[in-house]
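Close look at the chain arrangement
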Amino acid sequence: MDQKEFAGLIDTTKHIVLSAIKKNLYEEFYDSIDDVVQETYIRAYKSLAANKFRGDSSHSTWLYTIARNESLRMNQKRMRQANLAMKLKEKATQDSILNPREEYSDSGMDIEIKDLISNLPWKYKSVLALVSEGYKEQQIAEKLGIPEGTVKSRSFRGKQMLKKLFFQET
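Per an unreviewed UniProt entry, the chain goes by Sigma-70 family RNA polymerase sigma factor and derives from Leptospira sarikeiensis. Quoted verbatim from the Sequence similarities (unreviewed entry) field of UniProt, the annotation for the chain is "Belongs to the sigma-70 factor family. ECF subfamily."

Following this line, the structure appears as structure tokens:
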């Protein structure tokens, strides 16, 4: 399927995809509709390009199912993020009550950072967990069996993800 045919498929199925998303995506997450639509069509395009569409159903039924699944996936992702934000806020509140002069105690920040790190993909989580324990880049590279440059890039990207998660949640 070429790009022109795929554009035609999008035009003929966009109302079905949006209907599936509206029925399955929680209302409080409607700000993610564009992301779900995009992921739906990306998955469809990849499947069509790899000849994985079996033709057991029509394209519209198939895309409806993909959109439904992507909506459910987004619900789960956003709920996890909301739960993490709530836990972090509760922790910050508890810390400020227990230590009114210090908004965050050192141990409280460690717990928050470890909570955030646990939500990252494994390749970043493994590097940042070792960084947080005080290991140097060379030691991490040896422990994980990866090049030192990979440790540096994963550490940088992981920290960027942590910032994004932390500031998204607060």
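Re the environment of Arg73
Here Arg73 shows up in helix α3 (residues 59-98). Sequence separation of Arg73 and Leu25 is 48 residues, and the distance between their C-alpha atoms is 9.0 Å. A distance of 2.3 Å separates polar atoms of two side chains, one belonging to Arg73 and the other to Glu70.

Remarks on the packing of aromatic side chains
Across all of its chains, the model carries four aromatic pairs by this definition. Between Phe6 and Tyr45, the aromatic rings sit 4.9 Å apart at their centres with planes inclined by 75°, giving edge-to-face as the arrangement. With Phe6 in helix α1 (residues 3-24) and Tyr45 in helix α2 (residues 33-49), the pair connects residues that are 39 residues apart, well separated along the chain. The buried category is assigned to Phe6, whose relative accessible area is 9%. Look at Tyr45 and you get partly exposed, because its relative accessible area is 34%. Members of the aromatic cluster, connected to one another through ring pairs, are Phe6, Tyr41 and Tyr45.

Describing the environment of Ile21
Secondary-structure assignment places Ile21 in helix α1. According to the relative accessible area criterion, Ile21 is buried, its value standing at 0%. Leave out the neighbours within four places in its chain, and Ile21 touches Ile33, Val36, Val37, Ala67 and Ser71.

A look at unusual backbone geometry
Not every positive phi belongs to a glycine, and Asn51 is a case in point at roughly 55°. With respect to the element layout, Asn51 can be found in the loop between α2 and α3.

Calculation criteria
- Residues numbered from 1 in each chain as written.
- Predicted model: local features only at pLDDT ≥ 70, side-chain atom pairs only at ≥ 80, totals over all residues.
- Heavy atoms only, no water.
- UniProt positions renumbered as here; feature names shortened; annotations may be inferred.
- Helix = DSSP H or I, 4+ residues; strand = E, 2+ residues; numbered from the N terminus.
- Polar contact = N/O pair within 3.5 Å; in protein donor to acceptor, adjacent residues only side chain to side chain.
- Phe/Tyr/Trp six-rings, centres within 6.5 Å; stacked < 30°, edge-to-face > 60°.
- Buried < 20%, exposed > 50% of the residue type's maximum accessible area, 1.4 Å probe, protein only.
- Contact = heavy atoms within 4.5 Å.

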